[in-house]
Amino acid sequence: MKGCLQWRCGLLFGHHRYVLWHSCVIAGFVTPCGVRHSERRRRLEVLFAARALTAPWALCPMTTDPDKAGEWLEDWTDVTGVEGLVVKAMNQRYRPRVRDRAWTKIRRRDTTEAIIGAITGILTRPQLLILGRHDPTGRLRPIARTVPLRPDAARQLAEHLTPAGSGHPWSGAKFSSAWGTRDVLDTTLVQPDLVVEISADTSVDRGGVYRHPIRYVRLRLDASMEDVPRFGGGPATAAGSSVAGRA
């Protein structure tokens, strides 16, 4: 029993233990790449029924009902590792080794809070924010970096950023430029006393580190350190809101 083509359909999964096979070779059964998506799906459903396939095989849920897809995006993404939806045309054919723009990934994004611990750029013109949260022992742990700041956001933050004093918890630390890379950012430590609201997807590793760059929403001068979720709490939504965002 082996698979040849990995295809994420319906739900978008962020961890390998949720791998689903859409086009595959099982006991001589072949789904040709040139067949339309609707026909590939029909053949796969017939295969699962005929072979009574169970775990570790799983048939990815699929729907053409927008309301049902909306329910999945809101409810099913509460499960760790499920990031969102993949939308594709029913008459679409699979093209191997081609990045197909006809596929649309829609990830659930939640707004929450974090603490600024470092920046790239300079204090008067920050470019990226390096964010953290306190763990149960009170240690500030890095959790994410932002995408590049908009000019108006950078100007606002520059009015409130202050240089780090002695004993900053990240002194000597290096921060990777992206998840899974060894490239490091050129950072400047700042006083970790500013809370910001961020927008992030649900792909979180090690109990609190975001895999993808997050988006800065606003400065929370009305919030204190106690309002920020603790490190290790997963993708908790302190602000209590969620939206859909295209990847």
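How each quantity is defined
Residues numbered from 1 in each chain as written. Predicted model: local features only at pLDDT ≥ 70, side-chain atom pairs only at ≥ 80, totals over all residues. Heavy atoms only, no water. Helix = DSSP H or I, 4+ residues; strand = E, 2+ residues; numbered from the N terminus. Buried < 20%, exposed > 50% of the residue type's maximum accessible area, 1.4 Å probe, protein only. Polar contact = N/O pair within 3.5 Å; in protein donor to acceptor, adjacent residues only side chain to side chain. Salt bridge = Lys/Arg side-chain N within 4 Å of Asp/Glu carboxyl O.

Colleague: How should I be thinking about the environment of Glu226 in this particular structure?
Modeller: Considering the arrangement of structural elements, one finds Glu226 in the loop between strand S13 (215–219) and strand S14 (241–246). Residue class for Glu226 comes out exposed when judged on its relative accessible area of 68%. In this structure the C-alpha to C-alpha distance between Glu226 and His134, which are 92 residues apart in sequence, comes to 9.4 Å. A polar contact is formed between the side chain of Glu226 and the side chain of Ser224, at a distance of 3.1 Å.

Colleague: Help me understand the pattern of salt bridges in this model?
Modeller: Close approach of charged atoms allows side chains of opposite charge to pair. One pass over the structure, following the stated rule, counts nine salt bridges. Residues Arg43 and Glu39 are paired through a salt bridge, measuring 2.9 Å at the closest nitrogen-oxygen approach. With a gap of four residues between them, Arg43 and Glu39 both fall in helix H1 (residues 37–51), about one helical turn apart. On the basis of relative accessibility, which here comes to 26%, the residue Arg43 falls in the partly exposed class. According to the relative accessible area criterion, Glu39 is partly exposed, its value standing at 24%. Put simply, Asp152 and Arg150 hold a salt bridge, and the shortest N to O gap is 3.6 Å. A cluster of three or more residues bridged by salt bridges with shared partners is formed by Glu39, Arg42 and Arg43.

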